[in-house]
Amino acid sequence: EDQVTQSPEALRLQEGESSSLNCSYTVSGLRGLFWYRQDPGKGPEFLFTLYSAGEEKEKERLKATLTKKESFLHITAPKPEDSATYLCAVLLESWGKLQFGAGTQVVVTP
Amino acid sequence: DVKVTQSSRYLVKRTGEKVFLECVQDMDHENMFWYRQDPGLGLRLIYFSYDVKMKEKGDIPEGYSVSREKKERFSLILESASTNQTSMYLCASSQSSGMGTDTQYFGPGTRLTVL
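What you see is a predicted model; the values in this text were computed from it and never measured.

Participant: Quick rundown of the overall build of chain A? Include the residues and the values.
Facilitator: A count of helices and strands for chain A gives 0 helices and 11 strands. The C-alpha radius of gyration of chain A comes to 13 Å, within 12% of the 13 Å expected for a compact globule of 110 residues. Structurally, chain A occupies a C-alpha span of about 45 × 30 × 20 Å along its principal axes. By the burial criterion, 45% of the 110 residues in chain A qualify as buried. Sequence-distant contacts, at least 24 apart, represent 54% of the contacts inside chain A between residues at least 6 apart. Within chain A, one finds 12 positive and 15 negative side-chain charges whose respective centroids are separated by 3 Å.

This is how it looks when you write it as C-alpha cells:
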C-alpha cells in the first residue's frame, strides 16, 4: 500500500531557529514529490516539485531535498510569517494520483 | 497566475439536502480534482476529471457525484447530505502534459457544515 508519512506532526520554533521537516514515502513508483504550504482556512499553495533523488529546490528561506525514500523541507532562519501547515504529496505512477501526507504544522514565534 | 475559484467559502446545509459545490479554473487545464480534507486524515481524493464529460472515482466517491460540462468548470454534488460529509472541500486543477507530472493548483476551499 502506498504511504506518505510526515514528521513531526507539529513544530514550534523561535524566530531564527532553523529546522527540518520530514516526508517519508513507500510507493510503488514515484513520478514526483510536491511540497505545499497551507494557511488556516485556505487551500494549499504550491511550493516545490522534485522529480529525482539528489534534486534540490530553494525559495527564500525554504529548501527541499529528495532521496529515494524521503524528502526534507529545511526552513532556515524562519520568521513568524512562515507559520503554516506544510504538506507533502507524492505523484504515483499509476495514473498521476497525488498521495498526501497528513502535514506538519509549524508555528514560529517572535 | 493560475486561478482556481470555488463558489462558496462557507456553507451550512441540513441533512438530506442536495448540495452543489462549484469550481472554476481560468488556465485551460485539462485535469480537475475534488478532495476533502479532515483533521488527521489529510487530503483524500473524491473524484477527478481529465476531460469534459469524463470523470473517474477517487478513493472516497461514496455519497458524491460530479459534473463537468465545460472545461473550466467542475461541480461536486452531494445527493443527500449527511453529517459525516461535514468537511473542507478543495478543488484543484492541473495541465496534462502526457508525463503526468504537472502541479495541481488548489482553490481556496469550501468549509461545509451539515447539521
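Here the narrative resumes.
Participant: So, the interface of chain A and chain B: which residues are in play, and what are the values?
Facilitator: Opposite the 20 residues of chain A that make contact, chain B presents 21 residues. Summed over both sides, the interface between chain A and chain B buries roughly 1,600 Å², with carbon and sulfur atoms accounting for 57% of that surface. Taken together, the links from chain A to chain B amount to 0 salt bridges. Connecting chain A to chain B are 4 residue pairs in polar contact (both at pLDDT 80 or more). Of all the elements, strand 4 (residues 30-38) of chain A adds the most residues to the side of chain A that touches chain B, at 4 residues. The class makeup of the residues in the side of chain A that touches chain B is 11 nonpolar, 6 polar and 3 charged.

Participant: Give a detailed account of the pattern of salt bridges, specifying residues and quantitative values.
Facilitator: Residues and elements named next belong to chain B. Taken as a whole, this structure holds 11 salt bridges over all chains when the rule is applied. Taking the shortest distance from any N to any O, the salt bridge between Lys71 and Glu30 comes out at 3.8 Å. Here Lys71, found in the loop between strand 7 (64-70) and strand 8 (73-78), pairs with Glu30, found in the loop between strand 3 (19-25) and strand 4 (31-38); they are 41 residues apart in sequence, far enough to count as distant. On the basis of relative accessible area, Lys71 is assigned to the partly exposed category, the value being 26%. Note that Asp38 is salt-bridged to Arg36, the shortest N-O span being 2.8 Å. When salt bridges that share partners are traced, they join Asp28, Glu30 and Lys71 into one network.

Participant: Outline the sheet that holds strand 6 (residues 56-59) of chain A, supporting the account with residue identities and numerical values.
Facilitator: All names here are of chain A. Taken in spatial order, the 5 strands of this open sheet run 1-3-8-7-6, and their pairing is antiparallel. The open sheet has two edge strands with one neighbour each: strand 1 (3-7) and strand 6. Here the average twist between neighbouring strands, direction ignored, is 15 degrees. Of the strand pairs in this sheet, strand 6 and strand 7 (residues 62-66) are connected by 4 bridges, and their pairing is antiparallel. Bridging from a neighbouring strand, Glu56 pairs with Thr65 of strand 7.

Participant: Provide a residue-level description of the nonpolar core, including the pertinent values.
Facilitator: Counting 23 residues, the largest nonpolar core has Leu21, Leu33, Trp35, Leu73, Tyr86 and Val106 of chain A as the members making the most contacts within it. Contributions of two or more residues to this core are made by strand 2 (10-14), strand 3 (19-26), strand 4, strand 5 (45-50), strand 7, strand 8 (70-75), strand 9 (84-92) and strand 11 (104-109) of chain A. Of all the elements, strand 9 of chain A adds the most residues to this core, at 5 residues. Leave out the neighbours within four places in its chain, and Tyr86 of chain A touches Gln6, Leu21, Trp35, Tyr36, Arg37, Leu47, Leu62, Leu73, Ile75, Gly103, Thr104 and Val106 of chain A. In terms of nonpolar packing, the next biggest core, distinct from the first, is built from 20 residues, Leu11, Val19, Met32 and Tyr89 of chain B among them.

Participant: Describe the pairing of strand 1 of chain A, with residues and values.
Facilitator: Residue and element names in this part refer to chain A. In strand 1, alternate side chains face the same way, and those of Val4 and Gln6 are buried while those of Gln3, Thr5 and Ser7 on the opposite face are not. In this sheet, strand 3 lies alongside strand 1 in antiparallel orientation, the contact comprising 5 bridges. Directly across from Gln3, in strand 3, lies its bridge partner Thr26.

Participant: Go over the sheet that holds strand 7 of chain B with me, naming the residues and quoting the values.
Facilitator: Residue and element names in this part refer to chain B. Read across the open sheet, the 4 strands follow the order 1-3-8-7; overall the sheet is antiparallel. Unpaired on one side and paired on the other, strand 1 (4-6) and strand 7 mark the two borders of the sheet. Along the sheet, successive strands turn relative to each other by an average axial angle of 20 degrees, direction set aside. Looking at chain direction, strand 7 and strand 8 are connected through 5 bridges and run antiparallel. Opposite Tyr64, over in strand 8, you have Leu78 as the bridge partner.

Rules and cut-offs
Residues numbered from 1 in each chain as written. Chains lettered and ligands numbered in written order. Predicted model: local features only at pLDDT ≥ 70, side-chain atom pairs only at ≥ 80, totals over all residues. Heavy atoms only, no water. Helix = DSSP H or I, 4+ residues; strand = E, 2+ residues; numbered from the N terminus. Rg over C-alpha atoms; globule rule 2.2 N^0.38 Å. Buried < 20%, exposed > 50% of the residue type's maximum accessible area, 1.4 Å probe, protein only. Contact = heavy atoms within 4.5 Å. Lys, Arg positive; Asp, Glu negative; His and termini not counted. Charge placed at Lys NZ, Arg CZ, Asp CG, Glu CD. Buried area = accessible area lost by both parts, 1.4 Å probe. Salt bridge = Lys/Arg side-chain N within 4 Å of Asp/Glu carboxyl O. Polar contact = N/O pair within 3.5 Å; in protein donor to acceptor, adjacent residues only side chain to side chain. Nonpolar A, V, L, I, M, F, W, Y, C, P; charged D, E, K, R; others polar. Pairing = 2+ DSSP bridges. Axes fitted to C-alpha atoms, helices over the stretch in contact; angles between N-to-C directions. Core = buried A, V, L, I, M, F, W, Y, C linked by side-chain atoms within 4.5 Å.

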